[in-house]
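Breakdown of the fold
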Amino acid sequence: MNKADLIEALQKETGLTRAKATQVVDLFFDHMTQALARGDRVEIRGLCSIFVKQYKAYNARNPRSREPVQVPPKKLPFFKCGKELKERVDYK
């Protein structure tokens, strides 16, 4: 499922126009992105939690030239699956 599929499903389930459904989905993703950019944790009970992991700078080596390279610190979003989602996916 991608963003367009999500918009279509929201439109069918709620009877919203395509424009309103798109607006709702965009608003949802915008607020999640803003929260993560601030360093907040996004938690949707039963589905997932998303938080930002901070990685320190480190020294690496370029595999082609074998020269040392300084990798800068970075922040990356980390997705953790919720218990209910795990159970639904692994349903037998």
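Structure: above.
Note that the structure is predicted; figures quoted are calculated from it, not measured. (Residues numbered from 1 in each chain as written. Predicted model: local features only at pLDDT ≥ 70, side-chain atom pairs only at ≥ 80, totals over all residues. Heavy atoms only, no water.)

Description of the overall build of the protein
- Within the protein, the regular secondary structure consists of 3 helices and 5 strands.
- N-terminal to C-terminal, the α/β element order of the protein is α-α-β-β-β-β-β-α.
- A compact globule built from 92 residues should have a C-alpha radius of gyration of about 12 Å, whereas the protein, at 19 Å, is more than 25% larger.
- Summarising its shape, the C-alpha atoms of the protein cover approximately 60 × 35 × 30 Å along the three principal directions.
- Looking at the protein residue by residue over its 92 residues, the buried ones come to 13%.
- Accessible surface for the protein amounts to roughly 7900 Å². Of this, 55% is attributable to carbon and sulfur atoms.
- Between the centroid of the 19 positive side chains of the protein and the centroid of its 11 negative side chains there is a distance of 9 Å. (Helix = DSSP H or I, 4+ residues; strand = E, 2+ residues; numbered from the N terminus. Rg over C-alpha atoms; globule rule 2.2 N^0.38 Å. Buried < 20%, exposed > 50% of the residue type's maximum accessible area, 1.4 Å probe, protein only. Areas by Shrake-Rupley, 256 points an atom, 1.4 Å probe, with all protein chains shown as cover. Lys, Arg positive; Asp, Glu negative; His and termini not counted. Charge placed at Lys NZ, Arg CZ, Asp CG, Glu CD.)

Notes on helix H2 (residues 18–37)
- The terminal C-alpha atoms of H2 lie 28 Å apart, and with 20 residues this matches the ideal 28 Å at 1.5 Å per residue to within 8%.
- All buried positions along H2 are accounted for by Ala21, Val25, Met32, Ala35 and Leu36. The buried residues of H2 occupy an angular sector of 110° when projected down its axis, which confines them to one face. For H2, the exposed residues set more than 90 degrees away from the buried face come down to Ala19, Thr33 and Ala37.
- At its buried positions, H2 is contacted by helix H1 (3–14), strand S1 (42–44) and strand S2 (48–55). (Expected span 1.5 Å × (residues − 1). Arc of directions from axis to C-beta. Contact = heavy atoms within 4.5 Å.)

Points about the nonpolar core
- Of all hydrophobic cores here, the largest spans 6 residues; its members are Met32, Ala35, Leu36, Val42, Cys48 and Ile50.
- Contributions of two or more residues to this core are made by H2 and S2.
- Sort the elements by how many residues they give to this core and H2 lands first, with 3 residues.
- With residues up to four places along the chain from it excluded, the contact list for cysteine 48 reads Val42, Glu43, Phe79, Lys80, Cys81 and Gly82. (Core = buried A, V, L, I, M, F, W, Y, C linked by side-chain atoms within 4.5 Å.)

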